[in-house]
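# Reading the structure
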Amino acid sequence: MEIEEIHITPWEAEAFVDYERLVKIFGAKPLTDREVDMLANVAGEVHVMIRRRVFYSHRDFDIFLEAYKSGRRCALYTGRGPSGHTHLGHILPWIFTKWLQDKLGLELFFQMTDDEKYWHSESGSLEEFNSLAYENILDLAALGLDPSKTHVIIDSEDISYLYPIAIKIAKKITYSTQKASFGFTDSTNIGMIYYPVLQMAVAFLPSELYRDQVMVLIPAGIDQDPYWRLTRDIAPSLNYPKPAQIHNKLLPGLGIGGKMSSSKPETAIYTTDPPDVAKQKIMKAFTGGQPTAQLQRKYGGNPDACPIYKMYEMLFEDDDKKLLDRYNACKTGNLLCGECKAELAERVAKFLINHQERRGKALNYVEKYLIRHKFDVPKVRNPNRNTK
Ligand code: TRP
């Protein structure tokens, strides 16, 4: 179907896609000034990623904000498939999620899907994906997510939190729906076929833990959308509120086209990269510029198709005026790619030095993020059961 044409599934996605078309195909809504004003009203300000529409579409974000304002219990949910070290494309939504957590004082449920990555990968042991989950928690800590309000679920270890919910979800989903939603085939292993139920379960976990109808907002890339469409379809029949979503654009990789992805390490900047390595990657990056400086001066570059410009826009330039100046200087040929890259390389290196220092310190308190130290497992309860 059409969705495949533009190449978006949870396991494969391009970065320079026609986001307007994508919103329509997926049946989400573009983020408008109305929702932005509502957010400003409860948060006191608006994050740069919202202002620039890095987060650009949503489902029921308005309803979520209204519920929040009316004092109803709300929570955030996002996650990560720990297939490698964290790169800048991963932390982009986490930075915004942290901001939401701080401004709205919300708890965040964060799923680490070592099972998913093991089932999905051709090589790699479960033990490796599991230890990467712990590595990735260090990045959440380095970004400053509040350990008392951030609850990490590691699937292979914390399944008892999800299983009572997963049982109920699984009964609502047929094989043919599952196949059509995720593009599975007869040769897909059955781990992958079951997996979506576990990702959906976390959306209902806060309601179980608080024994309340908790409104959940999921900030994530639109590539995760098939899960939420199904989750929303079945929520009423299980007596849970439908989770709301807010979608971010994917950070492009440093190569030609494509999102920043662990499958192309030379085009991704990892939080664990030595700053000099990151600088080199940036200096070698593909850009929207002309092949020579002379041509660049004459014709100007194309920032709209440039991963370096997008890095400024999405992560490394908060000042709107400075960003616009850069855009114009590129278009008119006044700014050469070499200079633009070198400046970015400096900013990225500075970020990495800081992040890595905090990451190192986080080793001492990773445990504080684990859900198992903070909540009891939700139990399947029958009031008439004859045991306690
Ligand atoms: N499937 C996601 C991935 O591969 C991981 C994930 C689990 C997730 N739960 C989530 C992502 C909720 C966003 C929101 O990275």
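Rules used throughout
Residues numbered from 1 in each chain as written. Predicted model: local features only at pLDDT ≥ 70, side-chain atom pairs only at ≥ 80, totals over all residues. Heavy atoms only, no water. Core = buried A, V, L, I, M, F, W, Y, C linked by side-chain atoms within 4.5 Å. Buried < 20%, exposed > 50% of the residue type's maximum accessible area, 1.4 Å probe, protein only. Domains from an automatic or database assignment. Contact = heavy atoms within 4.5 Å. Near = heavy atom within 4 Å. Polar contact = N/O pair within 3.5 Å; in protein donor to acceptor, adjacent residues only side chain to side chain. Areas by Shrake-Rupley, 256 points an atom, 1.4 Å probe, with all protein chains shown as cover. Helix = DSSP H or I, 4+ residues; strand = E, 2+ residues; numbered from the N terminus. Nonpolar A, V, L, I, M, F, W, Y, C, P; charged D, E, K, R; others polar. Phe/Tyr/Trp six-rings, centres within 6.5 Å; stacked < 30°, edge-to-face > 60°. Buried area = accessible area lost by both parts, 1.4 Å probe. Salt bridge = Lys/Arg side-chain N within 4 Å of Asp/Glu carboxyl O. Axes fitted to C-alpha atoms, helices over the stretch in contact; angles between N-to-C directions. Left-handed = near helix turned anticlockwise from the far one by under 90°. Disulfide = S-S within 2.5 Å. Expected span 1.5 Å × (residues − 1). Pairing = 2+ DSSP bridges.

## Observations regarding the nonpolar core
Formed by 70 residues in total, the largest nonpolar core has its most connected members in Phe-64, Leu-88, Val-152, Ile-269 and Ile-308. Residues lining this core come from more than one domain, with at least three contributed by each of domain 1 (3-254) and domain 2 (265-362). Setting aside chain neighbours within four positions, we find Leu-88 in contact with Leu-251, Met-260, Ile-269, Met-311, Leu-315, Phe-316 and Phe-351. Formed by 37 residues, the second largest nonpolar core is a distinct cluster that contains Tyr-161, Phe-184, Leu-198 and Ala-201.

## Some details on the site of the ligand
Near the ligand, the surroundings consist of 15 residues, among which Tyr-77, Gly-81, Gln-111, Glu-116 and Gln-199 are the closest. In the model, an oxygen atom of the ligand is placed 3.2 Å from a nitrogen or oxygen of the Lys-117 side chain. One nitrogen or oxygen atom from the side chain of Gln-199 is found 2.9 Å from a nitrogen atom belonging to the ligand. For the ligand, whose unbound accessible area comes to 360 Å², protein coverage reaches 91%. If you list the elements that add at least two residues to the shell around the ligand, you get strand 5 (74-80), helix 7 (114-120), helix 11 (190-210) and strand 8 (215-221). The leading source of residues in the shell around the ligand is strand 5, at four residues. Taken together, the residues that form the shell around the ligand break down as five nonpolar, seven polar and three charged.

## What to know about the side chain of Thr-267
By secondary structure assignment, the location of Thr-267 is in the loop between strand 9 (244-248) and helix 13 (275-283). At a separation of 2.8 Å, a polar atom in the side chain of Thr-267 contacts the main-chain carbonyl oxygen of Lys-264. Beyond its immediate stretch of four places on either side in the chain, Thr-267 contacts Gly-253, Leu-254, Gly-255 and Met-260.

## Regarding the packing of aromatic side chains
As enumerated under the stated definition, the model contains 14 aromatic pairs in all. Judged by centre distance (5.5 Å) and plane angle (80 degrees), the rings of Tyr-77 and Trp-228 are edge-to-face. Of this pair, Tyr-77 sits in strand 5 while Trp-228 sits in helix 12 (residues 225-234); the two residues are 151 residues apart in sequence, bridging distant segments of the chain. For Tyr-77, a relative accessible area of 2% gives the class buried. Judged by relative accessible area, Trp-228 falls into the buried class, the value being 3%.

## Regarding the side chain of Ser-261
Mapped onto the elements, Ser-261 comes out in the loop between strand 9 and helix 13. The contact partners of Ser-261, leaving out residues within four places of it in the chain, are His-87, Ala-268 and Tyr-270.

## Observations regarding the domain arrangement of the protein
When its domains are assigned, the protein resolves into domain 1 (3-254) and domain 2 (265-362). Put simply, the middle of domain 1 and the middle of domain 2, counted by C-alpha atoms, are 28 Å apart. Regarding the contact of domain 1 and domain 2, the summed buried area is about 2,400 Å², with carbon and sulfur atoms giving 67% of it. When the buried surface of domain 1 facing domain 2 is broken down by residue, Arg-52, Leu-88 and Leu-254 rank first, second and third, together holding 35% of it. Where domain 1 touches domain 2, the interface holds four salt bridges. Linking Arg-51 and Asp-320 is a salt bridge whose minimum nitrogen-to-oxygen distance equals 3.0 Å. The interface formed by domain 1 and domain 2 contains 15 residue pairs in polar contact (both at pLDDT 80 or more).

## Structural notes on the packing of helix 8 (residues 126-142) against helix 17 (residues 337-362)
Running from N to C, helix 8 and helix 17 cross one another at 115 degrees; their axes reach a closest spacing of 8 Å. The crossing of helix 8 and helix 17 is right-handed. Where helix 8 approaches helix 17, its residues Glu-135, Leu-138, Asp-139, Ala-141 and Ala-142 are matched on the opposing element by His-355, Arg-358, Arg-359 and Ala-362. Here the residues of the contact of helix 8 with helix 17 sort into four nonpolar, one polar and four charged.

## Structural notes on the state of the cysteines
Tallied over the full model, the rule gives zero disulfides. Left unpaired, Cys-306 is separated from the closest cysteine sulfur, that of Cys-337, by 6.1 Å.

## Overview of the environment of Arg-59
With respect to the helices, strands and loops of the structure, Arg-59 is situated in strand 4 (residues 55-59). With relative accessibility at 9%, the residue Arg-59 sits in the buried group. The contact partners of Arg-59, leaving out residues within four places of it in the chain, are Phe-26, Gly-27, Ala-28, Asp-225, Arg-229, Arg-232, Ala-244, Gln-245 and His-247.

## Quick word on helix 8
With 17 residues, helix 8 ought to run about 24 Å at 1.5 Å a step, and its terminal C-alpha atoms sit 25 Å apart, in line with that. Immediately downstream of helix 8, the backbone of Gly-144 shows phi near 90 degrees, a positive value.

## Some thoughts on the pattern of salt bridges
All told, the structure shown has 24 salt bridges when counted by the stated rule. Glu-357 serves as the salt-bridge partner of Lys-361, at 3.4 Å between the closest nitrogen and oxygen. Highlighted residues: Lys-361 and Glu-357, both in helix 17, separated by four residues, approximately one helical turn.

## Considerations on the sheet that holds strand 9
Strand order in this open sheet of seven strands is 3-4-9-8-5-6-7, and the pairing throughout is mixed. A single partner strand is all that each edge strand has here, and the edge strands are strand 3 (29-30) and strand 7 (150-154). Here strand 5 pairs with strand 8 via three bridges, running parallel. Within strand 8, the position partnered with Cys-74 by the bridge is Met-215. In the packing of helix 9 (residues 155-172) onto the sheet, the strands contacted are strand 6 (107-112) and strand 7, and the crossing angle to strand 7 comes to about 110 degrees. Contacting strand 5, strand 6, strand 7 and strand 8, helix 11 crosses the sheet at an angle of about 155 degrees to strand 6.

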